[in-house]
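# Summary of structural features
For reference, the chains in residue letters:
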Amino acid sequence: MKECTNVERITCIIDEDRTHNGEPLYRAIVEQAQKSGIAGATVHKGIMGYGAAKTIHRERPLGRSSDVPVIIHMVDDKEKLDAFSSTLCEMVPQGIVLREPVSMCLVRCGGKTLE
């Protein structure tokens, strides 16, 4: 059975090397989203990218600090994301935050839920 609903998605794009209270910013955001009851969050590491400054960000050799883009997607209903947005803005000193309506479908097969 397939259940679809309209929700919103926040996409946050930050540099991998950003921190918040001594831990990676992407980890702090996901942990705070979970504490805030946000339905789901996923982090993706970019290979390469650039933003407003037009500076190319890419992996650095030999284990040096990396400033590649990290993309965090969070989904939930509008009200929950409204409440979380102020916390997110306090945590992200620089980056890109997108918000858009999306259709989320949960697929249930044989008693298991596939999201």
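Residues numbered from 1 in each chain as written. Predicted model: local features only at pLDDT ≥ 70, side-chain atom pairs only at ≥ 80, totals over all residues. Heavy atoms only, no water.

### Looking at the environment of His20
Within the secondary structure, His20 is located in strand β2 (residues 19-20). Residue His20 is classed as partly exposed on the basis of its relative accessible area of 23%. Each C-alpha atom, one on His20 and one on Pro93, is 9.5 Å from the other, the two residues being 73 residues apart in sequence. Beyond its immediate chain neighbours, meaning those up to four positions away, His20 contacts Leu25, Ala28 and Met91. Among the polar contacts made by the side chain of His20, one reaches the side chain of Asn21 at a distance of 3.4 Å. (Helix = DSSP H or I, 4+ residues; strand = E, 2+ residues; numbered from the N terminus. Buried < 20%, exposed > 50% of the residue type's maximum accessible area, 1.4 Å probe, protein only. Contact = heavy atoms within 4.5 Å. Polar contact = N/O pair within 3.5 Å; in protein donor to acceptor, adjacent residues only side chain to side chain.)

### Brief notes about unusual backbone geometry
Although it is not a glycine, Asn21 sits at a positive phi angle of roughly 50 degrees. In this fold, Asn21 is placed in the loop between β2 and β3 (23-24). Judged by relative accessible area, which is 73%, Asn21 ranks as exposed.

### What about the state of the cysteines?
Applying the stated criterion to the full structure yields one disulfide. The side chain of Cys4 participates in a disulfide bridge whose partner is Cys105; the two sulfur atoms lie 2.0 Å from each other. Of note, the bridge from Cys4 to Cys105 carries an S-S torsion of about 105 degrees and is right-handed in sense. In this pair, Cys4 sits in strand β1 (residues 2-15) while Cys105 sits in strand β8 (residues 96-109), placing the two residues 101 residues apart along the sequence. Free of any disulfide, Cys12 has its nearest cysteine sulfur in Cys89, 8.9 Å distant. Under the relative-accessibility criterion, Cys89 is labelled exposed at 58%. (Disulfide = S-S within 2.5 Å.)

### Thoughts on the nonpolar core
Judged by nonpolar contacts, the single largest core of 16 residues is most densely connected at Cys12, Ile14, Ile29, Ile72, Met74 and Leu88. Those elements giving two or more residues to this core turn out to be β1, α1 (25-35), β7 (69-76) and α2 (78-91). Not counting chain neighbours up to four residues away, the residues in contact with Ile14 comprise Leu25, Tyr26, Ile29, Val68, Pro69, Val70, Ile72, Val92 and Gln94. (Core = buried A, V, L, I, M, F, W, Y, C linked by side-chain atoms within 4.5 Å.)

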